[in-house]
There are 2 protein chains.
Amino acid sequence: MEFEIHPRLLADCYCLGRLGACHLLLHRNASLPWFILVPETDATDLLDLEPKVREAVLDACALVSAYIKTEFRVSKVNFAAIGNLVPQLHLHLVGRIPGDPCWPAPVWGNLDPGPEYSPAQVTAIRAALRTQAGLIPTPDDTP
Amino acid sequence: MEFEIHPRLLADCYCLGRLGACHLLLHRNASLPWFILVPETDATDLLDLEPKVREAVLDACALVSAYIKTEFRVSKVNFAAIGNLVPQLHLHLVGRIPGDPCWPAPVWGNLDPGPEYSPAQVTAIRAALRTQAGLIPTPDDTP
């Protein structure tokens, strides 16, 4: 059966493309750079993955983290696998900087609704991620 | 210079011992099984670590996660590297189960104060982690 991204994630995010065995999503709330990686696995906890699979996932996360720090000029990337509401394994990478819209609280449950990205911004983010992280377009990408 | 655990973490947690190149702490709030690993590094973000160092840290995390699931009979382990308040790199591993004291919210900022562990409980947790995860006692452990 084909892998399907959880509908809650699809509703909250743009699908940017594939990064290794992960789908890379961008949260629609543009007040912070908030990316989500969804590995193609049935496991629900990051620390239950086989070490080799986990490493490949973390390599993809490290590429996205480096991209976030460079492009959005943030000093920190908050990284988390929570999944209490959406059981499908998904990894949050959130660029943070003192003074951002919910600093120093974590974003989950604390970030007010914000503006969406413009189509041109999403296109530019995809283009940069293709160059800097090897993002691959897929037919499921948000137009 | 000797590595020192951040005073905020020392105030909030018991020091249980060493696990590889990490210090393993147990949050004093016993309403949920909340462990914190502090790798001996100057890096502040997990995803900035060299892949080999990162892997060793994640191996230690996976051992603790498996221990939490077995011993505390929880179905999930929330995993996060946040560090907006405490800049020293530290990794949260929190055993979660539907109906626990702050389900489904993440614990950070949402968990009410709870009971502490008894000395006998801390001793039993240390003993189990020695057997199941290779925890090593250190002179800095909380008595």
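For the structure given in this document, a descriptive report is provided here. (Residues numbered from 1 in each chain as written. Chains lettered and ligands numbered in written order. Predicted model: local features only at pLDDT ≥ 70, side-chain atom pairs only at ≥ 80, totals over all residues. Heavy atoms only, no water.)

### Some details on the sheet that holds strand 2 (residues 22–27) of chain B
One open sheet holds the 10 strands; their spatial order is 1(A)-2(A)-3(A)-5(A)-4(A)-4(B)-5(B)-3(B)-2(B)-1(B), and the pairing between them is antiparallel. Taken across any chain shown, the strands that pair with only one partner, and hence form the sheet edges, are strand 1 (13–19) of chain A together with strand 1 (13–19) of chain B. Between one strand and the next, the sheet's axes are offset by a mean angle of 20 degrees, whatever the strand orientation. Direction of pairing for strand 2 (residues 22–27) of chain A relative to strand 3 (residues 34–39) of chain A: antiparallel, over a ladder of five bridges. By the bridge assignment for strand 3 of chain A, His23 of chain A is matched with Val38 of chain A. Relative to the sheet, helix 3 (residues 119–133) of chain A contacts strand 1, strand 2 and strand 3 of chain A, its axis offset from that of strand 1 of chain A by approximately 20 degrees. Along the sheet face, helix 3 (residues 119–133) of chain B touches strand 1, strand 2 and strand 3 (34–39) of chain B and points at about 20 degrees away from the line of strand 1 of chain B. (Pairing = 2+ DSSP bridges. Helix = DSSP H or I, 4+ residues; strand = E, 2+ residues; numbered from the N terminus. Axes fitted to C-alpha atoms, helices over the stretch in contact; angles between N-to-C directions. Contact = heavy atoms within 4.5 Å.)

### Digging into the pairing of strand 3 of chain B
Residues and elements named next belong to chain B. When you tally the buried positions in strand 3, you get six out of six residues, the bulk of the element. Covered by surrounding structure in strand 3 are Trp34, Ile36 and Val38 together with Phe35, Leu37 and Pro39, the residues of both alternating faces. Connecting strand 2 to the next strand, strand 3, in antiparallel fashion are six residues. With four bridges connecting them, strand 3 and strand 5 (residues 91–96) associate as antiparallel partners. Each bridged residue has a counterpart across the sheet, and for Phe35 the counterpart in strand 5 is Leu93. (Buried < 20%, exposed > 50% of the residue type's maximum accessible area, 1.4 Å probe, protein only.)

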